[in-house]
Amino acid sequence: MALKIIDKYAKSFVKCEELAALEPVAAQALKTVNARNGAGNDFLGWVDLPVNYDKEEFARIKVAAEKIKKSCDALVVIGIGGSYLGARAAIEFIKSPLYNSLKKDTPEIYFAGNNISTTALTELISILEGKDICVNVISKSGTTTEPAIAFRVFKAMLVEKYGKEGAKDRIFVTTDKARGTLKHFSDEAGYETFVVPDDVGGRYSVLTAVGLLPIAVAGIDIDAMMKGAQDARAAYTDEANADNDAIKYAVMRNALLGQGKCTEILVGYEPYMLMMSEWWKQLYGESEGKDNKGIFPASVCFSTDLHSLGQYIQEGQRNLFETVVNVKNTGAEFVIPDDEANVDGLNFISGKKLDYVNKTAMMATLIAHNDGGVPNLMLELEDRSAYSFGYLVYFFEIACAISGYMLGVNPFDQPGVEAYKKNMFALLGKPGYEDMKAELDKKIGK
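**Q** Is there a simple way to explain the packing of helix H4 (residues 85–95) against helix H8 (residues 209–217) in this structure?
**A** Two numbers describe a pair of packed helices, the interaxial angle and the distance between the axes. Put simply, H4 and H8 touch, their axes get as near as 8 Å, and they point 30 degrees apart. Put simply, H4 runs roughly parallel to H8. H4 and H8 meet at a crossing whose hand is right-handed. Contacts between H4 and H8 pair Ala87, Ala90 and Ile91 from the former with Gly211, Pro214 and Ile215 from the latter. Grouping the constituent residues of the contact of H4 with H8 by class yields 5 nonpolar, 1 polar and no charged.

Put into structure tokens, the structure is as follows:
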């Protein structure tokens, strides 16, 4: 197995009978997922996705990726939330957070439409000056404010530089299969389109065209990624598997929540974990945070954050626990050199591999935080391969579904996301929101 959970650093914080009481609840939650008869069951397409995906579209994704590689210096991926986090997480985890700066035979990949920052947009436009570019816009409807603004800008840039016909061959759209503003516009314009499946929510969509096209452009083996997810599905949807780590994770999370541990910190010891943590935070935050329930998902990158948040984690409020992702084989080696003068006093680690020191820091921190009253779970992942990434993604997804059902919430909707959008539309003067705008103007003192 590509992944293994180690829970011995958390078990002392919960009683055996508490775990025993939750295990049948988790088992029933998995049955509910498999039976497709729970809340939000219309959005369970991701469960069988690794084995039941559109093979024709998968082949088209590979062809489009090769076309993009040959025709552009940079790909701009436009999307927000689940429409970009998974792809960016994969590229940084498997390749590097410095992907765009590395020597490579694949295009640079930039992400836009995930904020409303004037600075970020104008800086990206400046970076792209003089480069041949392609665009992959990802949006179910095409009307979400952040990506819609970005698409307006980059579509106009392409048309100005290549003309309408030339731009048509450089714009790739991932959207609804039949409905929505963006789908109709794309069909009329002649853009190649890929599908955001109706039964897969954004935060569960990284293994669909939403994530796979940008990932393939980066030169990552998407067949191996799907194989990792397939093997994880076989392991974690098996109701007869008495050693199901997805169930163990969900049980331990909910047991710790019962002890007042309402914040979970995902811990990585490598910068390539940063965007993976961002994807994980959306997955668990949107899935569990409703009905005044849920565990708050946070993240840190150690050892860097040990020099900032480490103090709080060690001695602050005892309302948190950590889940450490330990990648056993990072794919890189560096030996610490000797210094004859030994100015820094570190010659005792001369000749040791830097990763050995990093792993030692991990264990030292885990023990310190554990002794300080912080439960720690560890997820051991074999390596940074596309296979392992697919495996890890599926593990987190199925564990999230189980955990959400254990909490008694619908893990597949996100009604609270719409509140700010309605307020923003009203304040910006969108037609149909006049009454709401008047009420909001009073609240802000206009």
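Still more ground to cover, so stick around.
**Q** It is not clear to me how the environment of Leu427 should be interpreted in this structure. Could you clarify?
**A** Tracing the sequence through the fold places Leu427 in helix H15 (residues 418–428). Between the C-alpha atom of Leu427 and that of Ile295, which follows or precedes it by 132 residues, the distance is 32 Å. Ignoring sequence-local partners within four residues, the contact set of Leu427 consists of Lys437, Leu440, Asp441 and Ile444.

**Q** I keep staring at a negative patch on the surface and nothing clicks. Help me out?
**A** A cluster of acidic side chains, namely Asp338, Asp339, Glu340 and Asp344, defines a negative patch on the protein surface. Tracing the chain through its elements places Asp344 in the loop between strand S9 (320–329) and helix H13 (354–371).

**Q** How should I be thinking about the sheet that holds S9 in this particular structure?
**A** In any sheet, the strands associate via hydrogen bonds between backbone groups, in a parallel or an antiparallel arrangement. If you trace the 5 strands from one edge of the open sheet to the other, you get S1-S10-S9-S7-S8, paired in mixed fashion. A strand with exactly one partner marks an edge of an open sheet, and here the two such strands are strand S1 (3–6) and strand S8 (296–301). When strand polarity is set aside, the average angle formed by the axes of neighbouring strands in this sheet is 20 degrees. Lying on the sheet, helix H11 (residues 274–288) is in contact with strand S7 (263–268) and S8; it crosses S8 at an angle near 175 degrees.

**Q** Whenever I open this one, the pattern of salt bridges confuses me. Can you help?
**A** When the charged atoms of two side chains with opposite charge come close together, those side chains can pair. With the rule as written, the count across this model stands at 29 salt bridges. With a shortest N-O distance of 3.1 Å, Glu239 and Lys31 are connected by a salt bridge. Of this pair, Glu239 sits in the loop between helix H9 (222–236) and helix H10 (245–258) while Lys31 sits in helix H1 (residues 16–35), and the two are 208 residues apart along the sequence. With relative accessibility at 41%, the residue Glu239 sits in the partly exposed group.

Calculation rules
Residues numbered from 1 in each chain as written. Predicted model: local features only at pLDDT ≥ 70, side-chain atom pairs only at ≥ 80, totals over all residues. Heavy atoms only, no water. Axes fitted to C-alpha atoms, helices over the stretch in contact; angles between N-to-C directions. Helix = DSSP H or I, 4+ residues; strand = E, 2+ residues; numbered from the N terminus. Parallel < 35°, antiparallel > 145°, perpendicular 65-115°, else oblique. Left-handed = near helix turned anticlockwise from the far one by under 90°. Contact = heavy atoms within 4.5 Å. Nonpolar A, V, L, I, M, F, W, Y, C, P; charged D, E, K, R; others polar. Patch = residues over 30% accessible without salt bridge, like charges linked within 9 Å, V, L, I, M, F, W, Y side chains within 5 Å. Areas by Shrake-Rupley, 256 points an atom, 1.4 Å probe, with all protein chains shown as cover. Salt bridge = Lys/Arg side-chain N within 4 Å of Asp/Glu carboxyl O. Lys, Arg positive; Asp, Glu negative; His and termini not counted. Charge placed at Lys NZ, Arg CZ, Asp CG, Glu CD. Pairing = 2+ DSSP bridges. Buried < 20%, exposed > 50% of the residue type's maximum accessible area, 1.4 Å probe, protein only.

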